[in-house]
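Residue-level listing of the chains:
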Amino acid sequence: SIADRDVGKSYGMLKRCMVRARKHGEAMVWLRRTDDEAKALCQAWGNSKVKAIAESAHLSLDNFQKRGERILFRLNKDESWRPMIRYGGLSSASAFRDTDDPAEKILFLDEAFATPAKHNRYVGNEVEDCLDIFKSLRKGDCDIRLVLCGNRERHINLWHEYFGIEKEIIEEGTYR
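Here is a short report on the structure shown in this document. Since the structure is predicted, the reported quantities are computational estimates derived from the model, not experimental observations.

**Quick notes on the overall build of the chain**
In step 1: What the chain contains, in helices and strands, is six helices and eight strands.
In step 2: Helices (α) and strands (β) of the chain occur, in sequence order from the N terminus, as β-α-β-α-α-β-β-β-β-α-α-β-β-α.
In step 3: Looking at the chain as a whole, 41% of its 176 residues qualify as buried.
In step 4: Counting only contacts in the chain whose residues sit at least 6 apart along the sequence, the fraction spanning at least 24 positions is 72%.
In step 5: Carbon and sulfur atoms make up 47% of the accessible area of the chain, which amounts to about 9,800 Å² in all.

This is how it looks when you write it as structure tokens:
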């Protein structure tokens, strides 16, 4: 989805992830453009925004544990920890090969649409790297969805360019 800043794209995905982890044991892969961006996002885990999202999902930070680039979840203290989020960068696409987990049902590329400067700093092809990760995680009959989000006011849509899709002009709101 392409939408204005601060309309809750990442917020909504994180809340959805928490609810799906609690109800169905599902997990997600949360991608950013680079490993540094992904690590920074993971390091921010537990901040006031995450705490508010957890509370809105009727959970507390005690239900989560950070291990490296992963966030684990359990509902009760007598349960074992299970995967909820795995953070990573498109720049490490090869590191995702053969790391599929049946619990991972969503591949989320956050900030997929960015300024020309951000895209120009990326070495490689963002779309092909993301599709490589998607293909690697979608083994056998595994059902995984790819979700792209970014900000409307500054987006360059490499996906439209890659697939030859004509860009639609949107005035306000969210484009899906």
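Anyway, onward from the coordinates.
**Observations concerning the pairing of strand β5 (residues 82-89)**
In step 1: Extensive coverage of β5 is indicated by the burial of six of its eight residues.
In step 2: Across five bridges, the pairing between strand β2 (residues 27-32) and β5 is parallel. What sits directly across from Arg32, in β5, is Gly89.
In step 3: When strand β4 (residues 70-73) meets β5, the two strands line up antiparallel, connected through four bridges. Its bridge partner lying in β5, Ile71 is registered against Ile85.

**Focus on unusual backbone geometry**
In step 1: Although it is not a glycine, His58 sits at a positive phi angle of roughly 60°.
In step 2: By the secondary structure assignment, His58 is in the loop between α3 (48-56) and β3 (64-67).
In step 3: Judged by its relative accessible area of 69%, His58 falls in the exposed class.
In step 4: In this structure, Glu111 is a non-glycine residue whose phi angle is positive, near 60°.

**A look at the nonpolar core**
In step 1: With 24 residues, the main nonpolar core has Met18, Trp45, Phe64, Met84 and Ile85 as its most contacted residues.
In step 2: Elements with a contribution of two residues or more to this core: α1 (9-24), β2, α2 (35-43), α3, β4, β5 and β6 (104-109).
In step 3: Ranked by residues supplied to this core, first place goes to α1 with five residues.
In step 4: Ignoring any residue separated from it by four or fewer positions in sequence, one finds Phe64 in contact with Met18, Trp45, Ala54, Leu59, Ile71, Leu72, Phe73, Trp81 and Met84.
In step 5: Counting 17 residues, the second largest nonpolar core, distinct from the first, contains Val29, Tyr122, Ile144 and Trp159.

Reading guide: rules and limits
Residues numbered from 1 in each chain as written. Predicted model: local features only at pLDDT ≥ 70, side-chain atom pairs only at ≥ 80, totals over all residues. Heavy atoms only, no water. Helix = DSSP H or I, 4+ residues; strand = E, 2+ residues; numbered from the N terminus. Buried < 20%, exposed > 50% of the residue type's maximum accessible area, 1.4 Å probe, protein only. Contact = heavy atoms within 4.5 Å. Areas by Shrake-Rupley, 256 points an atom, 1.4 Å probe, with all protein chains shown as cover. Pairing = 2+ DSSP bridges. Core = buried A, V, L, I, M, F, W, Y, C linked by side-chain atoms within 4.5 Å.

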